[in-house]
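Observations on the model geometry
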Amino acid sequence: MLQRSEDREMFQPNSEKSYGLMEVVDGTSVMVEKAPEDTVFSWPHLVMLEIAWAMVVIILLHVISTYFNAPLEEIADASLTPNPAKAPWYFLGLQEMVSWTSPFWGGILIPGILVVLLLLVPFVDRRLVGVGHWFARERWVANTLWTVFAVGTITVILIGLYCRGPNWHFYWPWQDWPKTH
Amino acid sequence: MLPRERNSRRAIATLLQIPRNIWCALFREGYPGYPDTDLKRSTLITGNVFLHLHPVKIRRHALKLHYTFCLGGTAFLLFLILTLTGVMLMFYYHPSVPKAYYDMEDLEHIVNFGLLLRNLHRWSAHGMVAIVFLHMCRVFYTGSYKPPREMNWVVGVGLLLLTLMLSFTGYLLPWDQLAFWAITVGTNIANAAPLVGSKMRFLLLGGNIVGPNALLRFYVLHCVVLPLLIGVLMAIHFWKVRKDGGISGPL
């Protein structure tokens, strides 16, 4: 129930009682079992922030799209295999793992296990500590494991992007690739 | 006053009221004027189909930029930009070999702002994959997947996978060497799945090689099937944020 100041009622004290309802005070919600009010209205606080942030992102995208063109190579040709042929960057981790092991292990089993582990995270780690804080000290094991996962993911992607040359051999980004064709 | 004069005055008054009445019919749930009272601030949110994704009031903590870095919202914004630019690109694109590639060249050289349109779509798509991953990192590092938000983490993993699939299916559409061989490499990995691998690859490509059938299938997946799926999952994701008590914060 929203109590508005415009329909606030005045109560006359009852002369037969030593106590009485003096006034219904302004409030936005029932305050039973609640901490002190720590909320703000979505309008304008959240909505304005979203609009401002959306404008920043849209302007930034236009600037990037003005100065950097999306790649477009020659028309697809099934008879002309580039060496190396690379997957999109977000799948380079898979391609990297495939190159270490086999398509089944690196491309299916390990990624499959990783997805299952991801899905199980909230059902394994249920202790209600450190919620709402970045890098909570009590959660150092979970945070360390995730950091290993995230850094590992990014590293294999970077290796695939910049360090893989003809026949998937390793080359530093500043090394020249040997001529293959 | 003559009855005729009275009628004409009433007609003029009705005409003058039209803009106001249209406005009130459009925004009947809200109150007129700038939302400067609590009641108006509330009805602005609850009375608007787009704004009602938000709660009327949120915890101060949820507004802190250094808590969320707006990552989830940015992912959604990029999805909206991708939908808009994607639909515009569809007006210029034929999912057939070799027309698809020539459409890319036309976009670059002939269509007004075609290059900008394609660039916006491409960079937003890469950005969305990265931002969704960063959003997942934020949720992990702040322990936001813990009860009661377990199921929303699961929905989020689904959204990550759908984002990857959307990006992957879109990667083939320009039909250049980059697209062709990236999809060849990617679908060869799917081939390695036991029992169903080669069947799955055949189903996905509409054949044994990346050819015209694959282009059409990826196009339909990219423009219809996957956007619908991700739309449904996003609705569940946002709805659950509210049902689980708003975005996470200190207990």
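Residues numbered from 1 in each chain as written. Chains lettered and ligands numbered in written order. Predicted model: local features only at pLDDT ≥ 70, side-chain atom pairs only at ≥ 80, totals over all residues. Heavy atoms only, no water.

**Let's talk about the overall build of chain A**
- Scanning chain A from N- to C-terminus turns up 4 helices and 1 strand.
- Ordered by position from the N terminus, the helices and strands of chain A form the series β-α-α-α-α.
- Burial status across chain A gives 27% buried among its 181 residues.
- Here the contacts in chain A between residues at least 6 apart in sequence split such that 42% fall between residues at least 24 apart.
- As displayed, chain A has an accessible area near 12,600 Å², and 67% of this comes from carbon and sulfur atoms. (Helix = DSSP H or I, 4+ residues; strand = E, 2+ residues; numbered from the N terminus. Buried < 20%, exposed > 50% of the residue type's maximum accessible area, 1.4 Å probe, protein only. Contact = heavy atoms within 4.5 Å. Areas by Shrake-Rupley, 256 points an atom, 1.4 Å probe, with all protein chains shown as cover.)

**Let's talk about the pattern of salt bridges**
Residues and elements named next belong to chain B.
- Taken as a whole and judged by the stated rule, the model has 9 salt bridges over all chains.
- Here Arg41 makes a salt bridge to Asp38, at a shortest N to O gap of 2.8 Å. Of this pair, Arg41 and Asp38 both sit in helix H2 (residues 38–46), separated by 3 residues, roughly a single helical turn.
- Assessed through its relative accessible area of 33%, Asp38 is described here as partly exposed. (Salt bridge = Lys/Arg side-chain N within 4 Å of Asp/Glu carboxyl O.)

**Observations regarding the nonpolar core**
- Counting 36 residues, the largest nonpolar core has Trp146 of chain A together with Phe140 and Trp153 of chain B as the members making the most contacts within it.
- Mapped onto this core, the elements with two or more residues apiece are helix H1 (42–67), helix H3 (103–124) and helix H4 (140–162) of chain A together with helix H4 (71–90), helix H6 (114–141), helix H7 (150–172) and helix H10 (212–243) of chain B.
- The element that contributes the greatest number of residues to this core is H6 of chain B, accounting for 10 residues.
- The residues contacting Trp153 of chain B, other than those within four sequence positions of it, are Leu118, Leu119, Val121, Pro122 and Trp146 of chain A together with Met136, Val139, Phe140 and Tyr145 of chain B.
- With 31 residues, the next largest nonpolar core counts Ala76 of chain A together with Ala100, Val129 and Tyr219 of chain B among its residues. (Core = buried A, V, L, I, M, F, W, Y, C linked by side-chain atoms within 4.5 Å.)

**Describing the interface of chain A and chain B**
- Counting residues at the interface gives 78 residues for chain A and 83 residues for chain B.
- Note on chain A versus chain B: buried area summed over both sides is about 7,500 Å², and carbon and sulfur give 72% of it.
- Taken together, chain A and chain B are joined by 3 salt bridges.
- Note that Asp38 of chain A is salt-bridged to Arg60 of chain B, the shortest N-O span being 3.5 Å.
- If you look at where chain A meets chain B, you find 39 residue pairs in polar contact (both at pLDDT 80 or more).
- Contributing elements (two or more residues each) for the side of chain A that touches chain B: strand E1 (39–41), H1, helix H2 (92–100), H3 and H4 of chain A.
- Looking at the side of chain A that touches chain B, the element that brings in the most residues is H1 of chain A, giving 16 residues.
- Residue composition of the side of chain A that touches chain B, grouped by class: 50 nonpolar, 16 polar and 12 charged. (Buried area = accessible area lost by both parts, 1.4 Å probe. Polar contact = N/O pair within 3.5 Å; in protein donor to acceptor, adjacent residues only side chain to side chain. Nonpolar A, V, L, I, M, F, W, Y, C, P; charged D, E, K, R; others polar.)

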